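For reference, the chains in residue letters:
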Amino acid sequence: YLDRYLGYSYAELGNKTDTAAYTKGLRALVKFFEKAGPGFKYTALDYKYKGLLLSRTGKDSLGIIEMEKAASLDPKMGNDITREIAKSYMKSKKYMKVIETYKKIENGDPANLTGQDFYEMGRAYYYEGGNKQREKKDAEAIGLFVQSDTCFSKLAQKSPTYATAYLWRAKANVQQDLKNEKWQAKPFYEQFMTLVKPEERAANKNGVIEASEYLGYHYVTVKDYTKAKEYFGIIRDLDPNNKKQIDFFKSPQEK
């Protein structure tokens, strides 16, 4: 029993900066299972924590097996366990498995999913869309990017001031309009930039630069060089070595 609770405790103690706790926790739980033996009446928590510790020490496939045992023993913790299983699939880049796992939680009713669920599922659709692009399966890719956008749209409905939701909507729409024929991503990049205050730009540097490059290029295309200068200026403030803003400020349009 001491090994059991030591394992539980290390699982709760560990984090990204203290992964050693996960290794110690797994060692303790393995000892517990060995000592208790096959005839012991294990609880759902035993399998849950063993699965979590396996996953957090890089043994995702084994972790999923243990977590599925936990969910079958105690349906009340089913959705929480299912979310952990989805995270393990995400780490393994098994994006369709991530989507299937969240679909189990959704069970036909989007209200069953949290904002975090929509965020993770939206990313899974997006990354799988990228896989299909590389396989030259463009029609399938577009469908996945549409689904990704739908997930981030639902996230935005749940959290209207969450800037990252609009950034990901923009990313998904860029992939549906690669030649910028419709400038489909423009309203979402604009909303992202509206929600990120000037003093927050450095903390959101990558997203702000991505949005500003897109919007700056749009305004160059429509010959609104004043607006283009505004966005390329934001990039210059964040990254003086950024090639796109350097090229813009050397161009005749800037003058």
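First things first, this report covers the structure right here in the doc. As a convention, each chain's residues are numbered from 1 in the sequence order in which they are written. pLDDT decides what is reported in this predicted model: residues at 70 or higher carry local features, side-chain atom pairs at 80 or more are listed and counted, and totals for whole chains, interfaces and linings draw on all residues regardless. To get the side-chain values, all heavy atoms of the structure are used, and hydrogens and water are removed first.

Segments assigned H or I by DSSP are reported as helices when at least four residues long, segments assigned E as strands when at least two residues long, and all are numbered from the N terminus. When its secondary structure is counted, the chain shows 13 helices and 0 strands. Radius of gyration (C-alpha) of the chain: 23 Å, far over the 18 Å computed for a compact globule of 255 residues. Seen along its three principal axes, the alpha-carbon backbone of the chain occupies a region of about 80 × 35 × 35 Å. Burial classes: relative accessible area under 20% of the type maximum marks a residue as buried, over 50% as exposed, and values in between as partly exposed (1.4 Å probe, protein chains only). Here the chain holds 255 residues, and 47% of them are scored as buried. Here the accessible surface of atoms and residues is derived via Shrake-Rupley with a 1.4 Å probe, and residues count as covered only by protein chains that are part of the display. Accessible surface for the chain amounts to roughly 14000 Å². Of this, 52% is attributable to carbon and sulfur atoms. Taken as two groups, the 44 positive and 34 negative side-chain charges of the chain have centres that lie 3 Å from each other. Computation of the radius of gyration draws on C-alpha atoms alone. For the globule rule, the value is 2.2 Å times the number of residues to the power 0.38. In this tally, Asp and Glu contribute negative charge and Lys and Arg positive charge; neither His nor the terminal groups of the chain are included. To locate a charge, take NZ of a lysine, CZ of an arginine, CG of an aspartate or CD of a glutamate.

Pairing of aromatic rings covers Phe, Tyr and Trp, the last counted by its six-membered ring, and requires centre-to-centre distances within 6.5 Å; plane angles under 30 degrees mean stacked, over 60 mean edge-to-face, and any other angle means tilted. Summed over the entire model, instances satisfying the criterion amount to 23 aromatic pairs. Ring geometry for Tyr119 versus Phe152: centroids 6.2 Å apart, planes at 75°, classification edge-to-face. Placement of the pair is Tyr119 in helix α7 (residues 115-134) and Phe152 in helix α8 (residues 138-158), with a sequence separation of 33 residues. Taken as a pair, Tyr119 and Phe152 share a single burial class, namely buried. Through a chain of ring-to-ring contacts, three or more aromatic side chains come together here, namely Tyr95, Tyr119, Tyr126, Tyr127, Phe145, Phe152 and Trp168. Here, over-ring charges are defined by two tests on the NZ atom of lysine or the CZ atom of arginine: distance to the ring centre within 6 Å, and angle to the ring normal within 35 degrees. Here the guanidinium or amino end of Lys48 rests over the ring plane of Tyr49, the centre of that ring lying 5.5 Å away. Seen from the ring of Phe249, Arg236 lies directly overhead, with NZ or CZ sitting 3.9 Å from the centre.

What follows concerns the side chain of Ser251. Of note, Ser251 is situated in the segment after α13 (243-250). N or O atoms within 3.5 Å of each other form a polar contact, as long as, within protein, one can give a hydrogen and the other can take it, and as long as residues adjacent in sequence are counted only when both atoms are side-chain atoms. Among the polar contacts listed, one links the side chain of Ser251 to the backbone oxygen of Phe248, at a separation of 2.5 Å.

Axes here mean lines fitted to C-alpha atoms, for a helix over just the part in contact, with angles spanning 0 to 180 degrees between N-to-C directions. Interhelical geometry of α7 versus α8 gives an angle of 165° and a closest axis separation of 8 Å. On the basis of the axis angle, α7 is roughly antiparallel to α8. Here α7 and α8 pass one another in a crossing that is left-handed. Three residue categories are used. Nonpolar comprises Ala, Val, Leu, Ile, Met, Phe, Trp, Tyr, Cys and Pro, charged comprises Asp, Glu, Lys and Arg, and polar comprises the others, including Gly. Split by residue class, the contact of α7 with α8 holds 11 nonpolar, 7 polar and 7 charged. The scheme is simple: roughly parallel for angles under 35 degrees, roughly antiparallel for over 145, roughly perpendicular for 65 to 115, oblique for anything else. Left-handed describes a crossing in which the near helix is turned anticlockwise from the far one by less than a right angle; the clockwise case is right-handed.

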